[in-house]
Amino acid sequence: MATPISIQVWNPSGKYRVVSTKSMPGTRWIKLLTDQDCRICTEKKTILSVEDIVALIGDKCDGVIGLTEDWGEVLFSALRRAGGTAFSNMAVGYNNVDVSAATKHGIAVGNTPGVLTETTAELAASLSLAAARRIVEADQFMRAGLYDGWLPHLFVGNLLKGQTVGVIGAGRIGSAYARMMIEGFKMNLIYYDLYQSTRLEKFVTAYGQFLKANGEQPVTWKRAATMEDVLRDADVISLHPVLDKTTYHLINKESLAIMKKEAILVNASRGPVIDEAALVEHLKVNPMFRVGLDVFEDEPYMKPGLADQKNAIVVPHIASASKWTREGMATLAALNVLGRIKGYPLWSDPNRVDPFFDENTPPPPACPSIVNGKQLGTYICMQRT
Ligand SMILES: NC(=O)c1ccc[n+]([C@@H]2O[C@H](COP(=O)([O-])OP(=O)(O)OC[C@H]3O[C@@H](n4cnc5c(N)ncnc54)[C@H](O)[C@@H]3O)[C@@H](O)[C@H]2O)c1
Ligand SMILES: O=C(O)[C@H](O)CO
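About the thresholds
Residues numbered from 1 in each chain as written. Chains lettered and ligands numbered in written order. Predicted model: local features only at pLDDT ≥ 70, side-chain atom pairs only at ≥ 80, totals over all residues. Heavy atoms only, no water. Helix = DSSP H or I, 4+ residues; strand = E, 2+ residues; numbered from the N terminus. Rg over C-alpha atoms; globule rule 2.2 N^0.38 Å. Buried < 20%, exposed > 50% of the residue type's maximum accessible area, 1.4 Å probe, protein only. Contact = heavy atoms within 4.5 Å. Pairing = 2+ DSSP bridges. Right-handed = clockwise from strand over helix to strand, strands pointing away. Axes fitted to C-alpha atoms, helices over the stretch in contact; angles between N-to-C directions. pLDDT = per-residue confidence, 0-100. Near = heavy atom within 4 Å. Polar contact = N/O pair within 3.5 Å; in protein donor to acceptor, adjacent residues only side chain to side chain. Areas by Shrake-Rupley, 256 points an atom, 1.4 Å probe, with all protein chains shown as cover. Nonpolar A, V, L, I, M, F, W, Y, C, P; charged D, E, K, R; others polar. UniProt positions renumbered as here; feature names shortened; annotations may be inferred. Parallel < 35°, antiparallel > 145°, perpendicular 65-115°, else oblique.

**Here's the deal with the overall build of the protein chain**
In step 1: Across its full length, the protein chain carries twelve helices and 13 strands.
In step 2: At 23 Å, the protein chain has a C-alpha radius of gyration in line with the 21 Å of a compact globule built from 385 residues.
In step 3: Here the C-alpha coordinates of the protein chain stretch approximately 70 × 50 × 35 Å along the principal axes.
In step 4: For the protein chain, with 385 residues in total, the buried portion stands at 52%.
In step 5: Look at the contacts in the protein chain between residues 6 or more apart in sequence, and 67% of them connect residues 24 or more apart.

Quick look at the structure:
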């Protein structure tokens, strides 16, 4: 069995033992735990194996904060044997977690919604713009000393204003992204989701009325009956669904063939939403088709050939990487674990977590977001601020 190589400990005399599988940004999360008699252990190695985490849990562990690791029977049974009752992903996505295995062992599974919505949407918007105007290609061109002067055809890209932006998965992040592209570039929206995004529709309608009252072309929205309608109509398509069996390889060879030859596809959800090998082949034969990718099917690796495609922009899963968001994710993950250890109720609205970020007042005595709270019989905190 692997043994941890370099353990960092805060508040070593703390009654409760909390393990963090990665060092997290900021210090508030540490203070919130140590102030509540927790000792925190983390290993300085960046990426831990399941065996490393089992060794780190040891024979006494009340809760774990993790991210991207394969949280299933092995880790949850190890945590239960160590007396643990709490786990939280430092992420809103939890496709890496077998929630039923956690519930079987009486372990709460936390996640961090809400705090990363705008940050992630801004990265998706950044990738959309960078792809539309070929920013990365042009930057590399300049750095290579190839610029000989202004030319009419040099790095000609796509205008966004008045074009159609497509969103697949119009939840928190998908809706925030849609608003950025509509407000920022007067794009028209078409979206596909299993559920109607009423708030988004009302926003676009009202914004269109505002533009019309000011003598401008109003923006429009359309809820697509099928995903294919989005792929067919949109000039820019951004993917924001959860990853589950219904969205695995949602974008594949057949769906890529439906898209416009000069469309832009952005993915800041999860890599396996796209059949990446099929995407590489599509990029090779469609030089005007462009992608902006923050996530990859086999992270941390890219499928063969993707790195060679000039019409692909690739960044290493940084969509939630703003200082405020990453420190907020660490805070929410820590408070999920602390709340479970202390027996706190569930927070009433995981989408409205601002009360947990006020550094001048103690956080509400509640777990910000537990995905299996009802299955574990945890009651809802009735406080609303
Ligand atoms: N790249 C990053 O760093 C990063 C950051 C945050 C979130 N994410 C990913 O983005 C996802 C979405 O986050 P969110 O907070 O917006 O979640 P959310 O639950 O608010 O939205 C997800 C949306 O996907 C929709 N959906 C589910 N199945 C679908 C299907 N088959 N077809 C179309 N739509 C479907 C849901 O109805 C929901 O509206 C997360 O699950 C996570 O995987 C990635
Ligand atoms: O799901 C999430 O929150 C992200 O992938 C982590 O940044």
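**Some points on the pairing of strand E5 (residues 86–89)**
In step 1: Burial of the side chains of E5 extends over both faces: Ala86 and Ser88 are buried on one face and Phe87 and Asn89 on the other.
In step 2: With four bridges connecting them, strand E4 (residues 63–66) and E5 associate as parallel partners. Looking at the pairing, Ile65 lines up with Ser88 of E5.
In step 3: Considered for its hand, the β-α-β crossover made up of E4, helix H3 (residues 73–81) and E5 is right-handed.
In step 4: In terms of strand pairing, E5 meets strand E6 (residues 108–110) through three bridges, oriented parallel.

**Overview of the sheet that holds strand E1 (residues 7–10)**
In step 1: Pairing in this open sheet of six strands is mixed, and the strands run E1-E3-E2-E4-E5-E6 from one edge to the other. Unpaired on one side and paired on the other, E1 and E6 mark the two borders of the sheet. Ignoring strand direction, the axes of neighbouring strands in this sheet form an average angle of 20°.
In step 2: Sheet topology places E1 next to strand E3 (residues 38–43); four bridges connect them, and they run antiparallel.

**Comments concerning the confidence of the model for the protein chain**
In step 1: Looking at the protein chain, the pLDDT average stands at 95 and 97% of residues meet or exceed 70.
In step 2: Among the prediction metrics, the complex's ipTM stands at 0.99, with pTM recorded as 0.96.

**A look at the site of ligand 1**
In step 1: Close to ligand 1 lie 26 residues, the nearest being Arg172, Ile173, Asp193, Ala268 and Asp294.
In step 2: A distance of 3.0 Å is found between a nitrogen atom of ligand 1 and a side-chain nitrogen or oxygen belonging to Thr246.
In step 3: Protein burial of ligand 1: of its 870 Å² of free accessible surface, 89% is covered by the chains.
In step 4: Here the shell around ligand 1 is composed, by residue class, of twelve nonpolar, ten polar and four charged.

**Regarding the UniProt feature "domain: D-isomer specific 2-hydroxyacid dehydrogenase catalytic" (unreviewed entry) in the protein chain**
In step 1: UniProt records the feature "domain: D-isomer specific 2-hydroxyacid dehydrogenase catalytic" (unreviewed entry) at residues 44–345, using the numbering of this structure.
In step 2: The straight-line gap between the two end C-alpha atoms of residues 44–345 is 32 Å; of that span, 40% is helix and 13% is strand.

**Re the UniProt feature "domain: D-isomer specific 2-hydroxyacid dehydrogenase NAD-binding" (unreviewed entry) in the protein chain**
In step 1: Cross-referencing UniProt, the feature "domain: D-isomer specific 2-hydroxyacid dehydrogenase NAD-binding" (unreviewed entry) maps to residues 127–319 in the present numbering.
In step 2: This span, residues 127–319, is 35% helix and 15% strand, and a straight line between its end C-alpha atoms measures 10 Å.

**A closer look at the site of ligand 2**
In step 1: Around ligand 2 lies a shell formed by Ala91, Val92, Gly93, Leu116, Arg270, His317, Ser320 and Met329.
In step 2: A distance of 2.7 Å is found between an oxygen atom of ligand 2 and a side-chain nitrogen or oxygen belonging to Arg270.
In step 3: A distance of 2.6 Å separates an oxygen atom of ligand 2 from a polar side-chain atom of Ser320.
In step 4: The fraction of the free accessible surface of ligand 2 (240 Å²) that becomes covered by protein chains is 88%.
In step 5: Here the shell around ligand 2 is built from residues that sort into four nonpolar, three polar and one charged.

**Quick notes on the packing of helix H2 (residues 50–57) against H3**
In step 1: It is at 9 Å that the axes of H2 and H3 come closest, and there the two elements cross at 5°. In terms of orientation, H2 lies roughly parallel with respect to H3. Facing Val50, Ile53, Val54 and Ile57 of H2, the residues of H3 in contact are Val74, Leu75, Ala78 and Leu79.
In step 2: A class-by-class count of the residues in the contact of H2 with H3 yields eight nonpolar, no polar and no charged.

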